[in-house]
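Notes for the structure review
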Amino acid sequence: PDLIRDHRERLACDYVVISDTGKHDAATPALAYATRGLVYKQITIEGPARDLHSGQYGGAVANPANVLAGLIASFHDADRRVTIPGFYDGVPELTPEERRLLAGQDLSDAELIAATGCPWPFGEAGFNTRERCTARPTLDVNGIWGGYTGDGSSTIIPAKAHAKVSMRLVGRQDPEKVSAAFDAYVRAWCPPAVRVSVQTYGTCAAYLAPTDSPGLRAAAKALAAGYGKEPVLTREGGTLPILPLFKQVLGADSLMLGFAHPDCNAHSPNEFFHLADFETGTRCILRFLAAMCE
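Just so it is clear, the model here is predicted, and its values are computed rather than measured. (Residues numbered from 1 in each chain as written. Predicted model: local features only at pLDDT ≥ 70, side-chain atom pairs only at ≥ 80, totals over all residues. Heavy atoms only, no water.)

**What to know about the overall build of the chain**
Assigned secondary structure in the chain consists of ten helices and eleven strands. When burial is assessed residue by residue, the chain has 42% of its 294 residues classed as buried. At a minimum sequence separation of 6, the contacts of the chain that also span at least 24 residues come to 80%. Just so you have it, the chain exposes about 15,800 Å², and 54% of that area is on carbon and sulfur atoms. Charge separation in the chain, taken as the distance between the mean sites of 28 positive and 33 negative side-chain charges, equals 3 Å. (Helix = DSSP H or I, 4+ residues; strand = E, 2+ residues; numbered from the N terminus. Buried < 20%, exposed > 50% of the residue type's maximum accessible area, 1.4 Å probe, protein only. Contact = heavy atoms within 4.5 Å. Areas by Shrake-Rupley, 256 points an atom, 1.4 Å probe, with all protein chains shown as cover. Lys, Arg positive; Asp, Glu negative; His and termini not counted. Charge placed at Lys NZ, Arg CZ, Asp CG, Glu CD.)

**Structural notes on the nonpolar core**
Among the nonpolar cores identified, the biggest contains 29 residues, and Ile43, Leu71, Phe75 and Phe182 are the most heavily contacted of them. Elements that contribute at least two residues to this core include exactly β3 (37-46), α3 (64-73), β7 (160-169) and α7 (175-189). Here Phe75 is in contact with Ile43, Arg81, Val82, Thr83, Leu139, Val165, Phe182, Tyr185 and Val186, once residues within four sequence places are set aside. With 16 residues, the next largest nonpolar core counts Leu31, Ala220, Leu223 and Tyr227 among its residues. (Core = buried A, V, L, I, M, F, W, Y, C linked by side-chain atoms within 4.5 Å.)

**With respect to the pattern of salt bridges**
What the rule picks out here adds up to eleven salt bridges. Between Asp183 and Lys41 there is a salt bridge whose closest N-O contact spans 2.8 Å. Placement of the pair is Asp183 in helix α7 and Lys41 in strand β3, with a sequence separation of 142 residues. Assigned by exposure class, Asp183 and Lys41 land together as buried. A salt bridge links Lys247 to Asp253, with the nearest nitrogen and oxygen atoms 3.2 Å apart. Connected via shared salt-bridge partners are Arg81, Glu124 and Arg136. (Salt bridge = Lys/Arg side-chain N within 4 Å of Asp/Glu carboxyl O.)

**Describing the sheet that holds strand β8 (residues 195-204)**
In space, the four strands of this open sheet follow the order β5-β7-β3-β8, with antiparallel pairing throughout. At either end of the open sheet lies a strand with only one pairing partner, and these are β5 (138-145) and β8. Between one strand axis and the next, the sheet turns by 20° as a mean value, whatever way the strands run. Bridge count between β3 and β7: ten bridges; the pairing is antiparallel. Note on β7: the bridge partner recorded for Gln42 is Lys164. (Pairing = 2+ DSSP bridges. Axes fitted to C-alpha atoms, helices over the stretch in contact; angles between N-to-C directions.)

**Comments concerning the packing of aromatic side chains**
Tallied over the entire structure, the rule returns four aromatic pairs. Plain terms: the ring middles of Phe75 and Phe182 are 5.5 Å apart, the flat faces sit at 40° to each other, and that makes the pair tilted. In this pair, Phe75 is assigned in the loop between α3 and α4 (96-103) and Phe182 in helix α7, connecting sequence segments 107 residues apart. Here the two residues Phe75 and Phe182 agree in accessibility, since each one is buried. With a centroid separation of 6.0 Å and 45° between ring planes, the pair formed by Phe75 and Tyr185 is classed as tilted. Here Phe75 is found in the loop between α3 and α4, whereas its partner Tyr185 is found in helix α7, with 110 residues between them in sequence. Judged by relative accessible area, which is 0%, Phe75 ranks as buried. (Phe/Tyr/Trp six-rings, centres within 6.5 Å; stacked < 30°, edge-to-face > 60°.)

**Here's the deal with the packing of α3 against α7**
At a closest axis distance of 11 Å, the pairing of α3 and α7 adopts a crossing angle of 130°. Accordingly, the angle class assigned to the pair α3 and α7 is oblique. Seen from above, α3 lies across α7 with right-handed handedness. Residues Val67, Gly70 and Leu71 of α3 form the contact with α7, whose own contacting residues are Tyr185, Val186 and Trp189. (Parallel < 35°, antiparallel > 145°, perpendicular 65-115°, else oblique. Left-handed = near helix turned anticlockwise from the far one by under 90°.)

This is the structure we're talking about:
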């Protein structure tokens, strides 16, 4: 951020092109015009000064792992909506046109199961899979640990328990307000029999680009020429923190010309990129630059 601010005059531009997104499917390109924001946290709950014998002290002291489990369970209601007060402030209602556009890209239940290995779809009531993955905010636990996790048994009450939590934001959700609301909720929920601390590892606002700009039209033209199919205009479920920074400091919108295949194992072991998409993507970028010079 400091580098971009210090050199904003040298970095002045009409658009920023970034290839950190993917295709709609194996044969169909995608042009993302929005990304979700992010708030990332670590919760630590401490109870006794050391691990305790559960036979001697069980039922008489608060178990940090039990408290953490209850806290995590409280983050969502029966409709899988996030329960943190003020969490949905700034979340826009999807227009009929947006829902129509996203409905045309929705994953079927069978496709979702095949892509993820999950037994069945699951998420916020009232929305389809694509809406849940791109246009709705979320709260997810990324990791939980504490106590004895080795082979066999060790009947302890752990001294500490921890969790990593990420929240994806959309629209005009304020990441700083969401962050503060999360911290306040966690501290208010936990009983006085434990000590709780919350660390913040990062915050970022959501990003939304205009869909009728000359740059986006040139990008769509280049993708159509490269893949022989019109690109799908879509929202990206992930977060690219530099996009709102470019917009804020340089006043430039970003064009997301990404070429990753949906099966690339993103954020998983053996993440990869198809050579064919590398070659086709290179041609698309060249066509885009040519179209911008017309």
